[in-house]
Amino acid sequence: MKELTTAGPARTRAPLGAGLVLLSCLSVQASAALASTLFDRLGAPSVAGLRQLCAAFVLMALVRPRVRGHTRREWAGMVVYGAAMAVMNVAYYCAVSRLPLGVAATLLFLGPFVVAVASARAWREALFPVVGLAGVVLVTEPGGEVEWAGMAFGFLSALALACYTVFAQRVGRASSGLEGLAVSVCISAVLLLPFSVPAAPNVDGSGWVLVAVSGAVGVALAFTLDFQAVKLAGAKVVATLFSLDPVMGALIGALALAEALSAPALVGMGLIVSAGAVVTWRADSIPVSPMPTSADRP
């Protein structure tokens, strides 16, 4: 699989990274809508495990990563990265099964939001993720009776996504190309085998199609896009742009489910897109560490 280069000016890398995040958000929300049709039959944790297993097969076939030759430090990073993927997927799907998609996506965004604020070097930089978060709140329009279990799973998914965002950059620095990502997805799939293996006999033909498509698009493709975006633009920029997830959820709801967007939702989408665009444009002041390419390894 051909990887994107991180060479070139930051103002060239950042818009490209933003485009990858946009495609990733679309992939995640569309696949979540597909996978949610299986929740009643299989349960959210089982669906997450089966998706991750399919994604592992896809990435192993495309990337064909080397298992030997990694240092203990590299293995530690990939294990934590894979564990974060596993927890994030299960927790997010459990939240989606209990909360509206937009609300679950909003809670998920709290993870990278904290990463973006923590990595800000000046108070002015911290304003942009704050604006993005305000937009997320407007998009989802929270209210009504609180579903505490769903909220708890949402906060857990946010914590896992924060770890995922940080370790995506660390694994990218330590590994060649997409090798680290492929190995980490496999680790995640192995950790979720207690959920996926018992559920596999209960999946029919159409169910396997949904699982395969959801895994390939929502995990293999989305995580690859995220991985490359972090390498191109850095964790802080990507963390802020993850606020596009709720926007994608709102758009998919409007197009697929004929849900009308209210005025506050439209304003919120504008705030999110504006904050993401400003952070991307200011990326020339954000240091992006060089990443190794396949030519740097023997």
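Residues numbered from 1 in each chain as written. Predicted model: local features only at pLDDT ≥ 70, side-chain atom pairs only at ≥ 80, totals over all residues. Heavy atoms only, no water.

**Student:** What exactly am I supposed to notice about the packing of helix H3 (residues 44–63) against helix H10 (residues 205–233) here?
**Tutor:** Packed helices, taken two at a time, are described by the angle their axes make and the gap between the axes. Packing of H3 against H10 brings their axes to within 7 Å, and their N-to-C directions diverge by 65°. Relative to H10, the crossing made by H3 is right-handed. Judged by residue contacts, Leu50, Arg51, Gln52, Cys54, Ala55, Val58 and Leu59 of H3 engage Trp208, Val211, Ala212, Ser214, Gly215, Ala216, Gly218, Val219, Ala220, Phe223 and Thr224 from H10. Across the contact of H3 with H10, the residue classes tally to 12 nonpolar, 5 polar and 1 charged. (Axes fitted to C-alpha atoms, helices over the stretch in contact; angles between N-to-C directions. Helix = DSSP H or I, 4+ residues; strand = E, 2+ residues; numbered from the N terminus. Left-handed = near helix turned anticlockwise from the far one by under 90°. Contact = heavy atoms within 4.5 Å. Nonpolar A, V, L, I, M, F, W, Y, C, P; charged D, E, K, R; others polar.)

**Student:** Mind showing me how you'd approach the nonpolar core here?
**Tutor:** Within soluble globular proteins, side chains that are nonpolar tend to cluster in buried spots. Tyr93, Tyr164, Leu181, Val185 and Phe223 are the most contacted members of the largest nonpolar core, which has 71 residues in total. In terms of residue count, helix H4 (residues 72–96) provides more of this core than any other element does, 11 residues in total. Filtering out sequence-adjacent residues up to four positions away, Val185 remains in contact with Gln52, Ala55, Ala56, Leu59, Met85 and Phe223. (Core = buried A, V, L, I, M, F, W, Y, C linked by side-chain atoms within 4.5 Å. Buried < 20%, exposed > 50% of the residue type's maximum accessible area, 1.4 Å probe, protein only.)

**Student:** Explain helix H8 (residues 179–191) to me, please; I cannot follow it from the model alone.
**Tutor:** Along an α-helix, residues three or four positions apart point the same way, because every turn accommodates 3.6 residues. Over its 13 residues, H8 extends 19 Å from the first C-alpha to the last, a length consistent with the 18 Å expected when each residue adds 1.5 Å. Judged by how many residues are buried, H8 sits mostly within the fold: 11 of 13 residues are covered. Burial in H8 covers these residues: Glu179, Gly180, Leu181, Ala182, Val183, Ser184, Val185, Cys186, Ile187, Ser188 and Ala189. (Expected span 1.5 Å × (residues − 1).)

**Student:** I keep staring at the packing of H3 against H8 and nothing clicks. Help me out?
**Tutor:** Contact geometry for H3 and H8: axes closest at 8 Å, N-to-C directions at 150°. Comparing their axes, H8 and H3 come out roughly antiparallel. Crossing hand, H3 versus H8: left-handed. For the pair formed by H3 and H8, the contact residues are Gln52, Leu53, Ala55, Ala56, Leu59, Met60 and Val63 on the first element and Glu179, Leu181, Ala182, Val185, Cys186, Ser188 and Ala189 on the second. Residues belonging to the contact of H3 with H8 are distributed by class as follows: 11 nonpolar, 2 polar and 1 charged. (Parallel < 35°, antiparallel > 145°, perpendicular 65-115°, else oblique.)

**Student:** Explain empty space enclosed by the protein to me, please; I cannot follow it from the model alone.
**Tutor:** Gaps between atoms show up when a probe of the same size as a water molecule is rolled over them. According to the stated counting rule, one finds 2 cavities of 30 Å³ or more in the structure shown. Roughly 200 Å³ of volume is contained in the largest cavity. Taken together, 17 residues form the lining of the largest cavity, with Val28, Met88, Leu108, Phe223 and Asp245 sitting closest to its centre. Those elements that place two or more of their residues in the lining of the largest cavity are helix H1 (10–35), H4, helix H7 (148–174) and H10. (1 Å grid on protein atoms, 1.4 Å probe; cavity = no way out; pocket = protein on both sides within 12 Å on 5 of 7 lines; lining within 4 Å. Points joined across faces, edges and corners; volume = space filled by probe spheres on them.)

**Student:** Is there a simple way to explain a nonpolar patch on the surface in this structure?
**Tutor:** A cluster of nonpolar residues, Leu34, Val209, Val213, Val217 and Leu221, forms a patch on the protein surface that exposes about 350 Å² of accessible area. Counting residues per element, the nonpolar patch draws most heavily on H10, which supplies 4 residues. Relative to the helices and strands, Val217 resides in helix H10. What makes Val217 partly exposed here is its relative accessible area of 30%. (Patch = residues over 30% accessible without salt bridge, like charges linked within 9 Å, V, L, I, M, F, W, Y side chains within 5 Å. Areas by Shrake-Rupley, 256 points an atom, 1.4 Å probe, with all protein chains shown as cover. Salt bridge = Lys/Arg side-chain N within 4 Å of Asp/Glu carboxyl O.)

**Student:** Can you help me understand the pattern of salt bridges in this one?
**Tutor:** Any two side chains of opposite charge can pair if their charged atoms end up close together. According to the stated counting rule, one finds 1 salt bridge in the structure shown. Note that Asp204 and Arg41 form a salt bridge whose closest N and O atoms lie 3.3 Å from each other. Residue Asp204 is found in the loop between helix H9 (193–199) and H10, and its partner Arg41 is found in helix H2 (residues 39–42); the two are separated by 163 residues along the sequence. Given a relative accessible area of 37%, Asp204 falls into the partly exposed group.

**Student:** Sorry if this is basic, but what is going on with the packing of aromatic side chains here?
**Tutor:** Each aromatic ring pair is characterised by the separation of its centres together with the angle its planes make. Scanning all chains against the criterion turns up 2 aromatic pairs. On the numbers, 6.2 Å between centres and 45° between planes, the contact of Tyr92 with Tyr93 is tilted. Judged by relative accessible area, Tyr92 falls into the buried class, the value being 5%. By the ring-pair criterion, three or more aromatic residues cluster together here, those being Phe39, Tyr92 and Tyr93. (Phe/Tyr/Trp six-rings, centres within 6.5 Å; stacked < 30°, edge-to-face > 60°.)

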